[in-house]
Amino acid sequence: MKLCEKGANVINIHEYCQWRYNGVAFEPREGDYECPNKTLASGLIMKVAGERVAQRGYWGDIVTSPYISFGIECEEESLLKTANGVHVKTARDISEYNITSLFYELQHKDIYVLPKAEDKKPSAVLTEITEEEEEEADPTASSQTADVEADITESEFINIDGVTLHFLPLNSTPDLHKKSKFQKLFSIVYTANSMVHLLTSDLVETFADKASVVLETAKFMVDLKKEQIPEFVKKITSIAKSAGCQPTQPCDPEKDAFARFKFHRK
């Protein structure tokens, strides 16, 4: 598997094949994952028999897998242990830890520590179930339950002082510079390898002075040939320099998943 050659050998071949077969990469709870997740589905105009037809589906990656995002690196060394050359934990376990620690540290502003085995909840025990007489339904109970559920839903959000999350519509990037509220706003900019072409002279108008710019390389693009990977890094470096960004450190196309730049306004 090419991913192993690129440093992602923690990805288990069985979990990878299962994801390719049924589209389910993570199973954090016990149960049947039968309902399709349509949150990443989008529309696209395609040519069918010479005619343009609207199609809806998932057009993202189905080769590299979602495990490389949070499942191949970890600060918790116990999750990276191997036995006889095989990783004891899977990319799923590492992803779960990384996501949990991320939200824990955002909420509590403290380092997340992986619970030890003895700290985990005790296993389930059998208890005797007895029947009780049903009480008459309280007409106010349903409204009270709804209020409680609403309070619980609101309390589940993580409040972070000075941080607001904005969701922008699709294909909004080329027009961001036209709005005054985005002028010289962004201090950190990240671009995926499939979106580097959006790094234009118009977009940099939204960059703050000396903004940090991070571009994804082709390290995990398994469809590319080995000689194409360095060429891709040269291409995105050229695009970044044309937009006024300068490299802050050398980028090894074979080892680095990101190329880092600093924006200097002309």
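K.L.:
Before we move on, could you go through the overall build of the protein chain and cite the residues and values that matter?
P.N.:
Of the regular secondary structure elements, the protein chain holds 6 helices and 8 strands. What you see in the protein chain, going N to C, is helices and strands ordered as α-α-β-β-α-β-β-α-α-β-β-α-β-β. Relative to its 266 residues, the protein chain shows a buried fraction of 24%. Partitioning the contacts of the protein chain with sequence separation of at least 6, the portion at a separation of at least 24 is 55%. Of the roughly 20,600 Å² of accessible surface on the protein chain, a fraction of 53% belongs to carbon and sulfur atoms.

K.L.:
Lay out the side chain of threonine 206 with the relevant residues and their values.
P.N.:
By the secondary structure assignment, threonine 206 is in the loop between strand 5 (186-191) and strand 6 (207-216). Overall, the relative accessible area of 1% leaves threonine 206 in the buried class. What threonine 206 contacts, discounting residues up to four positions off in sequence, is Leu176, His177, Phe182, Gln183, Lys184, Leu185 and Phe186.

K.L.:
Go over helix 6 (residues 228-242), please, and point to the residues and values.
P.N.:
Compared with the 21 Å implied by 1.5 Å per residue over 15 residues, the 21 Å span of helix 6 between its first and last C-alpha is a close match. Residues of helix 6 that are buried: Ile229, Phe232, Val233, Ile236, Thr237 and Ala240. Here the buried residues of helix 6 occupy an arc of 135° about the axis, which is enough to place them on one side. When the buried face of helix 6 is taken as reference, the exposed residues oriented beyond 90 degrees from it are Lys234, Lys235 and Ser242.

Parameters at a glance
Residues numbered from 1 in each chain as written. Predicted model: local features only at pLDDT ≥ 70, side-chain atom pairs only at ≥ 80, totals over all residues. Heavy atoms only, no water. Helix = DSSP H or I, 4+ residues; strand = E, 2+ residues; numbered from the N terminus. Buried < 20%, exposed > 50% of the residue type's maximum accessible area, 1.4 Å probe, protein only. Contact = heavy atoms within 4.5 Å. Areas by Shrake-Rupley, 256 points an atom, 1.4 Å probe, with all protein chains shown as cover. Expected span 1.5 Å × (residues − 1). Arc of directions from axis to C-beta.

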